[in-house]
Amino acid sequence: MKRAVAAILAILIFIVLGLAFAKIPFGNVNLEDYHYYNPIQDKQTSDSVPAHYLKEGKNETGSTNIVTAVVVDYRGFDTLGEVTVLFLASTGVGSVMYIFEKEKRRKVRRANAVVETASKLLFGFIILFGAYIFVHGHLTPGGGFPGGAVIASSFLLLYLAYPKFHAEHKSLNVAESLAGLTFVGVGLIGLLVASYFLYNFLPFGLPTYLFSAGVIPIIYVAVGVKVGSELTGIVDAMMGVRE
Amino acid sequence: MEIWSAFGIFVLVPLIGALLSYLARKYAVYLGLIFALVPAIALYPFYGKEMSTVVNIGVKLNLAFDVTTWFFMLMLDTVALASMLFATSYVRKGEGGFSTLMLLGLAGANGVLMARDFLTLYIFWEMMSWSAYILVLRSSGEYARRYMLFAVLSAYLLIMGIGIYYYYTGSFLYSAASGIPLSGWAWILLFLILGFAVKMAVFPLHVWAPYAYRSEQPFVAFLSGGLSKLGTFGIFMAMYSIAGVAILQGFGTFRSISLFGYPFAVLGAFTAFIGTILAIFQDDLRKLLAYSSIGQLGYVMVGLGLGTPLAVGGALFHAFNHAFFKAILFLGAGAVIYRTGKYRISELGGLGYRMPFTFLFVLFAIFALAGIPITSGFISKWMLYEAAIEKKFVLIAPLMLIASVGAFLYCFRILYGVFLGQLDKEHENVKEAPAPMLAAMALLMLPLLIFAIFPGWILKWINEILTGANIGTLKYDTYAYYSSIGGADMLVFWITFMLLFMISMYLFTRKRKVTKVVDQYDNYLAGETPPYVQLHAAHNFYKPLRDTWAPLLRYSVDRAYEKFVKFFIEGFEEIKKMYTENPQDYAAYLGIAFLIFLLVGWWLL
Amino acid sequence: MIHPVLLIAIPLFFAFLLPLISLWSKKSLPYVTTAVMGLNTIIAILVFLEAMKAPIFDIIGGFQPPLGIVLMVGPLGGFLAMIINTAALIISIYSMEMKKEPLLKYYMLTLLLLMGTNGMVLTGDIFNLFVFLEVTSIASYGLASYNKDLKGFEGALKYVILGSIGSTFVLIGIALIYSQLRTLNMLDIARRLGEMDPYTKIVAFASLFLGFGVEAEMFPLNTWVPETYDGAPHPVTAMFSSMSAKSGIFALARVIFTIFAFANYLWFVVIMGLLTVFFGEIVAYVQKDIKRMLAYSSIGQMGMIIMGLGIGTTIAVEGAFFQMFSHAMGKALLFIAAGYMIYAAQTEKMSEMKGIGRNPLIGIPLLIGILSIMGMPPFIGFYGKFYILMGGFSQGYYAIIALFLAASIVEIAYYARFIKIVFQPSTKNYPAPRSTVYVPLILFAIIIVLFGVYPQPVFEVLKHVAAFLAGGA
């Protein structure tokens, strides 16, 4: 009985939402039809928001990658929030998984020699790759989140290969904190300099070069470090290993 | 500026007193007395003054002072003063709560009297309600909840009335009442009257009173004598000051009585009847007085419902008398309980020999209650009877008369069971009540005697109230009032009474020389003297009467309420099952809710 | 010019800083947290004073809305932010009672909860609202399971399930709006709502209504409340009722008034509010555990606020905002008192708590709190209730108000029962409360009495309700 009701309910909700999404135009065919309204200056423009991003993005942020421009600069505050969400997740997991006494170590079979050696070798390269992804976030597809995830995956590899391995928790925490402080600090400096929180106060430089787009690379490095250490921390907490 | 002094004296001073007496717990009772004394004395210069103001604390409190306010304040503040005086020797020393809450209640009550808009009325009304609730809670915790529920019921009935008023006028001001259709008035008045009637303990809403009146006696004296008069005030104000006679007459008339008021008059008569019948069979002194209070306020309700000048005048006068004599009775009971620690009538007896002054005061209060002419209780009751007889109401008048006879019965029960008869052995050493208690009762005694001789004085004030509300005028002079079917001339009465009194006094003193006072035992036991015999038989008092009434006494409003509540609580248990504690169900609720929101939204689009 | 963004940035900054501080001194964590909340309260007051003059638009990143994100702080938003921060400050004093490890995580989570709730109240961008909703709810999940016992996990799990369904619906709603209007700014959306396809608009509205309804404890989305409140640590319960519930309801008000201005729908909101009150109060009556009773009572109070919002006249919405204030203060007080009682009586059963309130340090604030929640003048609970009811009458909702009052009598009944138990004489000896318990209680009680006796400042703020209803900040 309950199952039938649940199924009917689910089907109904799918139909309803499907009908709603069917009314949505996809692609940027009629992008020019929307004229956004600026509530502060109380004026209507002849532009739509996405069109503005595409047209002016490079000039206004200095970032070659428009996705990054939107994520880190136009809507940097949301990104700060998302970083916080991740931070919260890791804190929450840390709090829930907190173990009062050292649990008895389970006996885990060691991985074989191939895995151990290969993971040692690969470890550095994966980290390098992750770092590349977030350092070049404003130039190429990618950015802090994928970069951080890649870095965390290198630690995951070590966890899998060496059952007794555990990342040093203290330094993870410190890295996490410093990265987070950098992000908020950049925002606060912007507030001091230009009275806009998260203001892009550094010179934009030349687009397509590594040192361009003002504070975006700094933020992306911070995000990368932060995401990397947080995900590692989550993995660590799940493993039940404590300092 | 003057109104500020009035607001300050009658509301702020008690509030400050409440705060101070909480902080200085050691001297709380004395502080309470002082701060109750200030408004009670300051009242006299304010007679006849009319003023109004708006106090803005964020919401606008419209306050005014006129003769109606003054008249009701006279009762309330005097009773409060007497209660506080009584409490100085009744309440344990060093306890802050009592005076704090009494003063809060007093401030609330004075605020209700001065309010000229519903918001202010409601604020002070609730303040008075909850401080009384905590006072009930202090001593009879079991039943405090019952009091609170009815207090809140009263408040919510008021809210319904106020809200409908607000719907039509868009304002809380009393004076804004215009353009309300008759059907609107019917609902407004119904809710307001029922709301205030809870405070007056009118028939189906009376069940809180017998329980609440078991708490500390000085407070109960104030609750029954003082605070219940706010119900009277509220009904008077709602019917005659806000709505007015014209609107009441607009509902149609029955022998020139408004058809709207008539049912309430009948309800009042029933209340008088039922309260009296129930009072007769109570063994608990406090409960007896409580039912008697219900019955007496039924009379007041009759007067307010009938709405002729004579009836309303009688109602106000009776409310005034009731404030004083019921306060004396409760304080007297308090004195007895204070000295003996007992409150069952069957366990007491013969205390008149040990507590003569208390006996005297209670005796006079009982005269007033029963309507015996040497006190002003007679005049007010007579006015109410006449008001009913004048219009030939064959339902109301007989009910009132039967209730009056019943009042004699329970009055006698108090007199005999507590003060007369044989003194219990363990009460041999009972002393007279302490001086402050006696002083409090004596203070309350005065108006009952004064207005029995000079009813014209109080009728003058009542007449001012009546003319102010456009009800009509009373015919009266200093010693008498007159009505189309007679009236009462106290001058004639007093002269006759004094003559008869002299004659009987003379006969009595002459006879005294030849009478011999015999011991109680000699009377009953034919001269034999065993060490101790219990002669006092107050158990099963009025058993024959009880047997006669038994079929009717089976029905109890209390039990009906209990059944009602039980029914609902069982329902609540069923509803609780909705919270199954299973997250899958909860998720399904979310889905269903989404679809419903959507459907409704679609439909409304 | 004070920047509202500081209210979000400062707790976040210190949340990131706490791990570093804990390396240096673990004992200073509670004091640092309290100090941060104090700082936040001061800033909130300044922001509020500024917003009273004119709504503040704090542009983030220097991009004009709707290109960038903007914080939109009207007088009411500022008022609510001030309430939330004040409540957080006072509760953080009680948080010092917390002894269970890992304390570092606890204080980080509380700071982030504050940040999330502040963000929900202050933001003027609908996606940003979602982000802060996520921050708030994830911090709540972490805090709800903080006790790490079965009850805590069960409550938190239910909260996670319902909360994430709610968040998903919010996201769907936002996606629908964005895909049709290509904008995320609330005022921009409100202005151009007519361009939306009606069906999509309704689905979006229903989704947002549902999503924020979960956080605002609306019937029947509030099923997580009792267990989560019951399982969470005591200070956290106080935070839930005075912080996250308030931000949820404010987000709901934003959706109803600022974004959609859907006047036709309002009567349905009233009915939902009434049902919330009804179920909350009725189920609270049959509860035997103190925290569950208070949790259901909290649902009832939130239902009253929803009703006030739904009635939608100026006076009713004034009442609703007043009620948010009084509920934040009163319920936090009661939950803190309940925390002490559970600690002192060693049980959650109300019947075992005889005479616990006879200590005046607990009893008097408790009584004030209960009377305020009951809606007795002269405490702050009165004005909200009265104004909501009068607003209902002015719209002619007689029957609904009558039913509401009936439910309210049930509320009085169970609180009176509770008072009776707590104040009846008993021979049991209870440990005396520490200053970390009675100081917050007394602070809340002072606020309740002060603004109850002189509500002028609050009404001064509520004058701006009319502008809020007209779709302003």
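Residues numbered from 1 in each chain as written. Chains lettered and ligands numbered in written order. Predicted model: local features only at pLDDT ≥ 70, side-chain atom pairs only at ≥ 80, totals over all residues. Heavy atoms only, no water.

When helices and strands are tallied, chain C shows 19 helices and two strands. Whereas a compact globule of 473 residues would reach a radius of gyration of roughly 23 Å, chain C reaches 21 Å, a difference of no more than 12%. C-alpha atoms of chain C, sized along the principal axes, occupy 70 × 60 × 40 Å. Across the 473 residues in chain C, those meeting the buried criterion constitute 77%. Within chain C, residue pairs in contact and separated by at least 24 positions form 81% of the contacts whose partners lie at least 6 positions apart. In the form shown here, chain C has an accessible surface area of approximately 11,300 Å², with 68% of it arising from carbon and sulfur atoms. Between the averaged position of the 28 positive side-chain charges in chain C and that of its 22 negative side-chain charges there is a distance of 7 Å. (Helix = DSSP H or I, 4+ residues; strand = E, 2+ residues; numbered from the N terminus. Rg over C-alpha atoms; globule rule 2.2 N^0.38 Å. Buried < 20%, exposed > 50% of the residue type's maximum accessible area, 1.4 Å probe, protein only. Contact = heavy atoms within 4.5 Å. Areas by Shrake-Rupley, 256 points an atom, 1.4 Å probe, with all protein chains shown as cover. Lys, Arg positive; Asp, Glu negative; His and termini not counted. Charge placed at Lys NZ, Arg CZ, Asp CG, Glu CD.)

The number of helices and strands found in chain B is 24 helices and seven strands. Computed over its C-alpha atoms, the radius of gyration of chain B comes to 26 Å, within 12% of the 25 Å expected for a compact globule of 605 residues. Going through the 605 residues of chain B one by one, you find that 61% of them count as buried. In chain B, the proportion of contacts linking residues at least 24 apart, taken out of those at least 6 apart, comes to 79%.

Residue and element names in this part refer to chain C. Of the two faces of strand 2 (residues 70-73), the one lined by Val70 and Met72 and the one lined by Leu71 and Val73 are each fully buried. Of the strand pairs in this sheet, strand 1 (residues 56-59) and strand 2 are connected by four bridges, and their pairing is antiparallel. The partner of Ile59 across the bridge, within strand 2, is Val70. (Pairing = 2+ DSSP bridges.)

The next subject is unusual backbone geometry. Residue and element names in this part refer to chain C. Cis rather than trans, the peptide bond between Pro65 and Pro66 has omega equal to 0 degrees. Mapped onto the fold, Pro66 is located in the loop between strand 1 and strand 2. Following Pro377, the chain continues to Pro378 via a peptide bond in cis, the omega torsion being 0 degrees. Mapped onto the elements of the fold, Pro378 is located in the loop between helix 14 (360-374) and helix 15 (380-394).

Here the focus is the pattern of salt bridges. Counted by the stated rule, this structure contains 28 salt bridges over all chains. Of the charged contacts, one joins Lys577 of chain B and Glu574 of chain B as a salt bridge, the two residues approaching to 3.2 Å between their closest N and O atoms. For the pair formed by Lys577 of chain B and Glu574 of chain B, the shared burial category is exposed. One network of salt bridges, with partners in common, ties together Glu581 of chain B together with Lys151, Asp230, Arg292 and Glu348 of chain C. (Salt bridge = Lys/Arg side-chain N within 4 Å of Asp/Glu carboxyl O.)

Another aspect to go through is the layout of surface pockets. Here the second largest pocket is characterised by a volume of approximately 1,100 Å³. Residue lining of the second largest pocket: 33 residues in total, with Leu149, Phe564 and Val565 of chain B together with Ile409 and Ala413 of chain C positioned closest to the centre. If you list the elements that add at least two residues to the lining of the second largest pocket, you get helix 6 (141-169) and helix 23 (557-576) of chain B together with helix 11 (266-285) and helix 16 (398-423) of chain C. Broken down by element, the residue count for the lining of the second largest pocket peaks at ten residues, all from helix 6 of chain B. Of the residues in the lining of the second largest pocket, the class split is 27 nonpolar, no polar and six charged. (1 Å grid on protein atoms, 1.4 Å probe; cavity = no way out; pocket = protein on both sides within 12 Å on 5 of 7 lines; lining within 4 Å. Points joined across faces, edges and corners; volume = space filled by probe spheres on them. Nonpolar A, V, L, I, M, F, W, Y, C, P; charged D, E, K, R; others polar.)

As a further point, take the side chain of Ser22 of chain C. All names here are of chain C. With respect to the element layout, Ser22 can be found in helix 1 (residues 5-24). According to the relative accessible area criterion, Ser22 is buried, its value standing at 13%. Of the polar contacts made by the side chain of Ser22, one reaches the backbone oxygen of Pro19; its length is 2.8 Å. Sequence-distant contacts of Ser22, defined by excluding residues within four places in its chain, comprise Leu29 and Leu104. (Polar contact = N/O pair within 3.5 Å; in protein donor to acceptor, adjacent residues only side chain to side chain.)

On the chain A side, the residues contacting the eight residues of chain B number six residues. For the pair chain B and chain A, the two sides together bury roughly 550 Å², of which 87% comes from carbon and sulfur. When residues of chain B are sorted by the area they lose upon contact with chain A, Asp585, Phe594 and Leu595 of chain B head the list and together hold 59% of the total. Scanning the region where chain B abuts chain A turns up one salt bridge. (Buried area = accessible area lost by both parts, 1.4 Å probe.)

This next bit is on empty space enclosed by the protein. It is a probe the size of a water molecule, rolled over the atoms, that shows where empty space is left. This model, assessed by the stated rule, comprises five cavities of 30 Å³ or more. Its volume calculated, the largest cavity comes out at about 100 Å³. Every residue lining the largest cavity is counted, 14 residues in all, and those nearest its centre are Ser90, His169, Asn173 and Gly233 of chain A together with Lys105 of chain C. Of all elements in the fold, only helix 4 (76-96), helix 7 (169-194) and helix 8 (216-239) of chain A together with helix 4 (103-122) of chain C reach the threshold of two or more residues within the lining of the largest cavity. Broken down by class, the residue content of the lining of the largest cavity amounts to four nonpolar, seven polar and three charged.

Taken as a whole, this structure holds 103 aromatic pairs over all chains when the rule is applied. Arranged with centres 5.6 Å apart and planes meeting at 50 degrees, the rings of Phe172 of chain B and Phe386 of chain C form a pair that is tilted. Separated into two different chains, Phe172 of chain B in the loop between helix 6 and helix 7 (182-200) and Phe386 of chain C in helix 15 make up a pair that spans both. When the ring of Phe568 of chain B is compared with that of Phe572 of chain B, the centres are 6.4 Å apart and the planes differ by 55 degrees; the resulting orientation is tilted. Placement of the pair is Phe568 of chain B and Phe572 of chain B together in helix 23, with a separation of four residues, close to one helical turn. Its relative accessible area of 8% is what places Phe572 of chain B among the buried residues. Its end group placed over the ring of Trp208 of chain B, Lys199 of chain B keeps NZ or CZ at 6.0 Å from the ring centre. Sitting over the ring of Tyr555 of chain B, Arg554 of chain B keeps its end group 5.3 Å from the ring centre. (Phe/Tyr/Trp six-rings, centres within 6.5 Å; stacked < 30°, edge-to-face > 60°. Lys NZ or Arg CZ within 6 Å of the ring centre and 35° of its normal.)

Residues and elements named next belong to chain B. Take Phe35: it is sitting in helix 2 (residues 28-42). Since its relative accessible area comes to 14%, Phe35 is described here as buried. Each C-alpha atom of the pair Phe35 and Ile9 lies 9.5 Å from the other, and the pair is 26 residues apart in sequence.

Angle between the axes and distance between the axes are the two parameters that describe a pair of packed helices. Residue and element names in this part refer to chain A. The geometry of helix 3 (residues 66-74) relative to helix 8 is characterised by a closest axis approach of 10 Å and an angle of 80 degrees between their N-to-C directions. Considering the angle they form, helix 3 stands roughly perpendicular to helix 8. Where helix 3 abuts helix 8, its residues Thr68, Val71, Val72 and Asp73 lie against Ile216, Ile219 and Tyr220. The class makeup of the residues in the contact of helix 3 with helix 8 is five nonpolar, one polar and one charged. (Axes fitted to C-alpha atoms, helices over the stretch in contact; angles between N-to-C directions. Parallel < 35°, antiparallel > 145°, perpendicular 65-115°, else oblique.)

So, on to the domain arrangement of chain B. Parsing chain B into structural domains produces domain 1 (248-450) and domain 2 (560-604). A separation of 50 Å is found between the C-alpha centroids of domain 1 of chain B and domain 2 of chain B. (Domains from an automatic or database assignment.)

As a further point, take the interface of chain B and chain C. The interface of chain B with chain C comprises 54 residues on the first partner and 79 residues on the second. Overall, the association of chain B and chain C removes approximately 6,100 Å² of surface from exposure, summing both partners, and the carbon and sulfur fraction of that is 81%. In terms of surface lost to chain C, no three residues of chain B exceed Tyr579, Leu590 and Phe597 of chain B, which account for 13% of the buried area on that side. In this structure, the connection of chain B to chain C is made through one salt bridge. Notably, a salt bridge pairs Glu581 of chain B with Arg292 of chain C, separated by 3.1 Å at the nearest N-O pair. At the junction of chain B and chain C, the tally comes to twelve residue pairs in polar contact (both at pLDDT 80 or more). Only helix 5 (118-139), helix 6, helix 23 and helix 24 (583-604) of chain B provide two or more residues apiece to the side of chain B that touches chain C.

Another point: the nonpolar core. Ranked by size, the top nonpolar core spans 486 residues in total, and within it Phe77 of chain A together with Phe71, Ile396, Phe594 and Phe597 of chain B carry the most contacts. Ranked by the residues each element gives to this core, the list is headed by helix 13 (residues 314-345) of chain C, at 22 residues. Apart from residues no more than four positions distant in its own chain, Phe77 of chain A is found in contact with Phe197 and Leu198 of chain A together with Val5, Ile8, Ile60, Ile69, Leu71, Asn128 and Phe132 of chain C. (Core = buried A, V, L, I, M, F, W, Y, C linked by side-chain atoms within 4.5 Å.)

With that out of the way, let us pick up helix 4 of chain A. In a regular helix each residue adds 1.5 Å, so 21 residues correspond to 30 Å; helix 4 of chain A covers 30 Å between its end C-alpha atoms and thus fits that length. Burial of helix 4 of chain A is extensive: 16 of the 21 residues sit out of reach of the surface. (Expected span 1.5 Å × (residues − 1).)

Neighbouring strands of a sheet are bound in pairs by backbone hydrogen bonds; such pairs are parallel or else antiparallel. All names here are of chain B. Strand order in the open sheet formed by three strands is 5-6-7, and the pairing between neighbours is antiparallel. Only two strands of the sheet have a single partner each, and these edge strands are strand 5 (475-477) and strand 7 (486-489). Direction aside, neighbouring strands of the sheet carry axes that sit 15 degrees apart on average. Direction of pairing for strand 6 (residues 480-483) relative to strand 7: antiparallel, over a ladder of four bridges. Opposite Tyr482, over in strand 7, you have Gly487 as the bridge partner. Against the sheet, helix 19 (residues 455-468) engages strand 5 and strand 6, with an angle of about 140 degrees to strand 5.

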